[in-house]
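Given next are the chains, with one letter for each unit.
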Amino acid sequence: MPFSSPLSDPGLPAVSTVAAAERSQARGRYFAKKTARVETLPTFARLRAQLPAPRYDVRPEWIEMYWKAWELACRNFHQPAPGSGFVSSFIDAAFNENIFLWDTCFMSFFCNVAHPLVPGIQSLDNFYARQHDTGEISREIVRMNGEDYGPWVNKEGRPLYSSHGWDNSAQRDTPVTYIGRATPQPPPHLTLDALNNPLCAWAEVESYRFTGDAARLALVYPALERYYRALQHYLRQGNGLYLTDWASMDNSPRNKLLAGGGCAVDTSAQMVLFARNLADIASVIGDASASGGFEQEAARLAHLINELLWDDERRFYFDLTAEGKRTPIKTVAAFWTLLAGVAQPHQVEGLSVELNNRQTFARHHRVPTLAADEAGYDPQGGYWCGAVWAPTTTMVIRGLERSGRSDLAREIALNDLEVTGRVFQQTGTVWENYAPDADQPGTPAKGDFVGWTGITPILHFLEQVIGLKADAPANALTWRLNESGAVGCDLYRFNGHVTSLQAGPVDGATSKRTLTVESDGDYALLLHHAGVFRTFEVKAGSQTWIV
């Protein structure tokens, strides 16, 4: 179905008559940070006494897994290599010798709880510093020299194509067919394989929740806005939805159905999320006009997703083939609509039903990337044929929270911790992904993977078990006190504060708890306990309450 309004002009450089090989290779022009400050990288031995220290006597193995995750993370901190053009120390997934945009966004999530002790959100600076003049940012950059990973570079200056094809196998160098719109000019610097998972703005907003650092949002906004416009320019199909290829979910059976120019529910919803995050950032930095414009763009795209990708009979979102037909395959991609605020109440209900359906997504380990009733589902994981991944599980959890389903979000988070914890007890480490139907790593999966899997033992543990969630812009800390025993966290960090919180039973009073809070600054503590919500004004120093 043709898009009913003309594509907006993202303000990209005009078509050049110069050969592609001679086009400007100016990098990082939209990011003001140009030089790296040499810093001593933190080591685990030095950091441990300063990191947030959860207390939870019920599950000592989760405490052990928490510290193991930090130990592994500390092995993966790096300084910029000379001549790389990188401008910040960074955390790397140690997947290979390259840095990955998807990985880095999600690694920043758990690093936020230790800001500014570790290089977390600043790791994204190196992608902004290597951004092309068109606004494109490669999802994979060589760590030692700062160059885009070779196979993802459009060396010939062709119109957009996929280097590895939609099935990541036999079909190589496959062009994108645009339907209902002209082929974008100038040709992109990168291939379709490099332009996926646009999550930087989400990562920045998540970081802001911990730091309250509006100056950082002002710094990154120009690069984010140009990246967004570049993706609009190159990835938007004529119907207004967004393209992807194998690179969003490597070997998913859905990929072949997107061949040539099909539209993906995850990429489309991620662009709604991107627009809404940009609206939030623009509002914080004082650009109300831009904020309103991004909100309008998000609303228009959300409407298209609901019109074209939602199936009322199956109560689920599906990708769209290049011919405009909904694909039949249920994947985790559909749940991005929760996080992006695309799904309306009846659609939230339909997606929640699937998340509780043991025949599809409510497996032994939740949430598999492919529904268990689909052909090709692999109970041992099979990478994107069913494996459980921390990034997609985090997306589901955040999406449910945004949609008012916090109880289901916590249920899924606790399941993830339970299974990850049992595998940790068996193997002594955490893994790249996990099998959906057993307590075991996925097949295949890398071990010692922190990496995004640090999210589960660090962030989910602190947020869903200990119950702490920061709101730095409001100078507030929410504590959902769900546990009956002793629970808390020493040296919790947010908004520049370092605070320690402990809760324990009161002798002889099963319904009462003692709260002890120490802090180096003032903030509001929003306590949810036993169905009651109370606000406490924490002051610098130590205080105790009975609740």
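Residues numbered from 1 in each chain as written. Predicted model: local features only at pLDDT ≥ 70, side-chain atom pairs only at ≥ 80, totals over all residues. Heavy atoms only, no water.

A. A look at the overall build of the chain. When helices and strands are tallied, the chain shows 13 helices and 17 strands. Whereas a compact globule of 547 residues would reach a radius of gyration of roughly 24 Å, the chain reaches 23 Å, a difference of no more than 12%. The principal-axis extents of the C-alpha atoms in the chain amount to approximately 80 × 55 × 45 Å. Counting the 547 residues in the chain, one finds 62% classified as buried. (Helix = DSSP H or I, 4+ residues; strand = E, 2+ residues; numbered from the N terminus. Rg over C-alpha atoms; globule rule 2.2 N^0.38 Å. Buried < 20%, exposed > 50% of the residue type's maximum accessible area, 1.4 Å probe, protein only.)

B. Up close: the packing of helix α6 (residues 214-235) against helix α8 (residues 288-308). The N-to-C vectors of α6 and α8 enclose an angle of 30 degrees; their axes lie 14 Å apart at closest approach. Regarding the angle of α6 to α8, the classification is roughly parallel. In terms of crossing hand, the pair formed by α6 and α8 is left-handed. The segment α6 lies against α8, with Tyr221, Glu225, Tyr228, Arg229 and Gln232 engaging Ala290, Phe294 and Glu297. Looking at the contact of α6 with α8 residue by residue, the class counts come to 4 nonpolar, 1 polar and 3 charged. (Axes fitted to C-alpha atoms, helices over the stretch in contact; angles between N-to-C directions. Parallel < 35°, antiparallel > 145°, perpendicular 65-115°, else oblique. Left-handed = near helix turned anticlockwise from the far one by under 90°. Contact = heavy atoms within 4.5 Å. Nonpolar A, V, L, I, M, F, W, Y, C, P; charged D, E, K, R; others polar.)

C. Quick peek at the confidence of the model for the chain. Summing up the model confidence of the chain, the mean pLDDT is 93 and the portion of residues at 70 or higher is 94%. Here residues 1-24 scores under 50 on pLDDT; set against residues more than four positions off or in separate chains, the count is 40 contacts. (pLDDT = per-residue confidence, 0-100.)

D. Local environment of the sheet that holds strand β15 (residues 523-529). Ordered by their spatial adjacency, 4 strands build an open sheet running β10-β11-β15-β16, and the pairing between neighbours is mixed. For this open sheet the edge positions go to β10 (468-471) and β16 (532-538), each flanked by a neighbour on one side alone. With direction set aside, neighbouring strand axes in the sheet form an average angle of 20 degrees. Judged from the 5 bridges that link them, strand β11 (residues 476-480) and β15 form a sheet pairing that is parallel. Paired with Leu477 across the strands is Leu525, a residue of β15. (Pairing = 2+ DSSP bridges.)

E. Representation of the pattern of salt bridges. For the structure on display, the rule yields 34 salt bridges. Among the salt bridges present, the one from Arg398 reaches Glu401, with a minimum N-O distance of 3.3 Å. Note that Arg398 and Glu401 are positioned in helix α11 (residues 390-402) at a spacing of 3 residues, about one turn of the helix. An identical accessibility class is assigned to Arg398 and Glu401; each is buried. (Salt bridge = Lys/Arg side-chain N within 4 Å of Asp/Glu carboxyl O.)

F. Looking closely at the pairing of β11. Here β11 lies mainly inside the structure; 4 of its 5 residues are buried. Bridge analysis of β10 against β11 gives 4 bridges, and the strand direction is antiparallel. Within β11, the residue paired with Ala470 across the bridge is Leu477. Here β10 folds back onto β11 in antiparallel fashion, the turn holding 4 residues, of which Asn475 has a positive phi close to 50 degrees.

G. Molecular detail of the environment of Ala194. In this fold, Ala194 is placed in the loop between β7 (174-175) and α5 (200-211). Residue class for Ala194 comes out buried when judged on its relative accessible area of 0%. Separated by 31 residues in sequence, Ala194 and Ser163 have C-alpha atoms that sit 9.2 Å apart. Among residues more than four places away in sequence, those in contact with Ala194 are Ile137, Ser138, Arg139 and Trp152.

H. Layout of the nonpolar core. Ranked by size, the top nonpolar core spans 168 residues in total, and within it Trp70, Phe110, Tyr317, Phe335, Trp336 and Trp479 carry the most contacts. When residues of this core are assigned to their parent elements, the largest contribution, 11 residues, is made by helix α7 (residues 265-284). Here Trp336 is in contact with Trp102, Phe106, Leu199, Trp202, Asp266, Ala269, Gln270, Leu273 and Met395, once residues within four sequence places are set aside. (Core = buried A, V, L, I, M, F, W, Y, C linked by side-chain atoms within 4.5 Å.)

I. How the structure looks around α6. In this model, α6 (22 residues) spans 30 Å end to end at C-alpha, consistent with the 32 Å of a helix rising 1.5 Å per residue. Counting buried positions along α6 yields 17 of 22 residues, so the element is predominantly enclosed. Capping the start of α6, Asp213 holds a side-chain oxygen 3.2 Å from the backbone nitrogen of Ala215, two or three residues further along. (Expected span 1.5 Å × (residues − 1). Polar contact = N/O pair within 3.5 Å; in protein donor to acceptor, adjacent residues only side chain to side chain.)

J. Structural context of the packing of α5 against α6. Two elements in contact, α5 and α6, have axes separated by 10 Å at closest approach and are oriented at 170 degrees. Considered as vectors, α5 and α6 are oriented roughly antiparallel to each other. When α5 is examined against α6, the residues Cys200, Ala201, Glu204 and Tyr208 are found in contact with a partner set consisting of Ala214, Arg216, Leu217, Val220, Leu224 and Tyr227. Grouping the amino acids of the contact of α5 with α6 by side-chain chemistry returns 8 nonpolar, no polar and 2 charged.

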